[in-house]
Amino acid sequence: DFTWKTSMNFSANKNKIVELHEELKEFAYGPTSFSSSYAMKLVKGGSIGDFYVTGLKTDDQGRIYVDPNTNTVTTDPNTWLYGGNTEARFRLGWNNRFSYKGVNLGVLFDARIGGQGVSATQALMDRWGASQDSADARENGGVWISEDQKVPDARVFYANNGNGLSMLSHYVYSMTNVRLRELTLGYDLPSRWFNDKIGMTVSLVGRNLWMLYNKAPFDPEITASTGTYYQGLDYFMQPSARTIGFSVRLQF
């Protein structure tokens, strides 16, 4: 009376930019509203999905430069740093279907492994002093910008972030995540109830129920815009939703 059906799928996308037009060293595309601090670029030897971000000004030794007079840092809009690639290294899905005497249970897990994203939301929340990180910085007496460098005034440090988006290199996160994508619990009503002419299954369906693992401060599977190249960019996105519904399936 008991059956278990299980299946797994795997997908990956690997690409390399072999050559650009001889007059192009690189080609920027994607979101234009963040062009001063975030850019997706095609660069020879790179991959589609590579993005670059601006960071803090550094000295000739590569350390973050702290103004000795004001004890503050300065953003450098002319220096672009490689932030990562928005594409996952691979994706996994694991689907299970259990059945016992007319009772059906479906469990679907999926995982996105790899890929990086940027949270402009977190940058602005820090700028406004409304984030947990900014609260921790105030509590700890400043912001550690490296293992041995500290800016004592958190408010001044984040204020030098311009409009909150000028040093996005500090807001790059892994988009690896694992979740319980769907859970269904159903029951096959006895066909004799319908003179053996109709089969009916009633089910309770829940989707996006449980995030088992996610290090980013946003849901990596949703996007801030319907634009083509906004993957991996969090800009005050709507929170991801957990949905629970009811379904009825008829078989004639």
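Look up: the structure comes first, before these words.
Residues numbered from 1 in each chain as written. Predicted model: local features only at pLDDT ≥ 70, side-chain atom pairs only at ≥ 80, totals over all residues. Heavy atoms only, no water.

K.L.:
Looking at this structure, I do not really get the environment of Asp 110. What am I missing?
P.N.:
Following the sequence through the fold, Asp 110 ends up in strand S7 (residues 103-113). The buried category is assigned to Asp 110, whose relative accessible area is 19%. Between the C-alpha atoms of Asp 110 and Trp 4, which are 106 residues apart in sequence, the distance is 19 Å. Residue contacts for Asp 110: discarding those within four places in its chain leaves Leu 92, Gly 93, Asn 177, Val 178, Arg 179 and Arg 181. In terms of polar contacts, Asp 110 uses its side chain to reach the side chain of Arg 181, at 2.7 Å. (Helix = DSSP H or I, 4+ residues; strand = E, 2+ residues; numbered from the N terminus. Buried < 20%, exposed > 50% of the residue type's maximum accessible area, 1.4 Å probe, protein only. Contact = heavy atoms within 4.5 Å. Polar contact = N/O pair within 3.5 Å; in protein donor to acceptor, adjacent residues only side chain to side chain.)

K.L.:
Sorry, what's going on with the sheet that holds strand S8 (residues 116-119) here?
P.N.:
Each strand in a sheet pairs with its neighbour through backbone hydrogen bonds, running either in the same direction (parallel) or in the opposite one (antiparallel). The three strands lie next to each other as S11-S8-S14, forming an open sheet whose pairing is mixed. Every other strand in the sheet has two partners, leaving strand S11 (172-174) and strand S14 (233-234) as the edge strands with one partner each. As judged from the two bridges shared by S8 and S14, these two strands associate in the parallel manner. By the bridge assignment for S14, Val 118 is matched with Leu 233. Those strands touched by helix H1 (residues 120-127) are S8, S11 and S14, and its axis lies near 35 degrees from that of S8. (Pairing = 2+ DSSP bridges. Axes fitted to C-alpha atoms, helices over the stretch in contact; angles between N-to-C directions.)

K.L.:
Looking at this structure, how should I read the pairing of strand S4 (residues 50-56)?
P.N.:
When a strand is regular, its side chains alternate between the sheet's two faces. Burial runs high along S4: seven of the seven residues are buried. Sheet topology places strand S3 (residues 38-43) next to S4; three bridges connect them, and they run antiparallel. Bridge pairing in S4 links Ala 39 to Tyr 52. Connecting the antiparallel pair S3 and S4 is a turn made up of six residues, with Gly 45 showing a positive phi of about 90 degrees. Relative to strand S5 (residues 75-85), S4 is paired through seven bridges, and the arrangement is antiparallel. In the strand pairing of S5, Tyr 52 is matched with Tyr 82.

K.L.:
Explanation requested: the side chain of Asp 50 in the structure shown.
P.N.:
Topologically, Asp 50 is positioned in strand S4. Despite its burial, Asp 50 pairs with no opposite charge; the closest candidate is Lys 41, at 11 Å N-O. Here Ser 47 takes part through its backbone nitrogen, which lies 2.8 Å from a polar atom of the side chain of Asp 50. Excluding residues that lie within four positions of it along the chain, Asp 50 makes contacts with Ala 39, Met 40, Lys 41, Tyr 82, Gly 84 and Asn 85. (Lys, Arg positive; Asp, Glu negative; His and termini not counted. Salt bridge = Lys/Arg side-chain N within 4 Å of Asp/Glu carboxyl O.)

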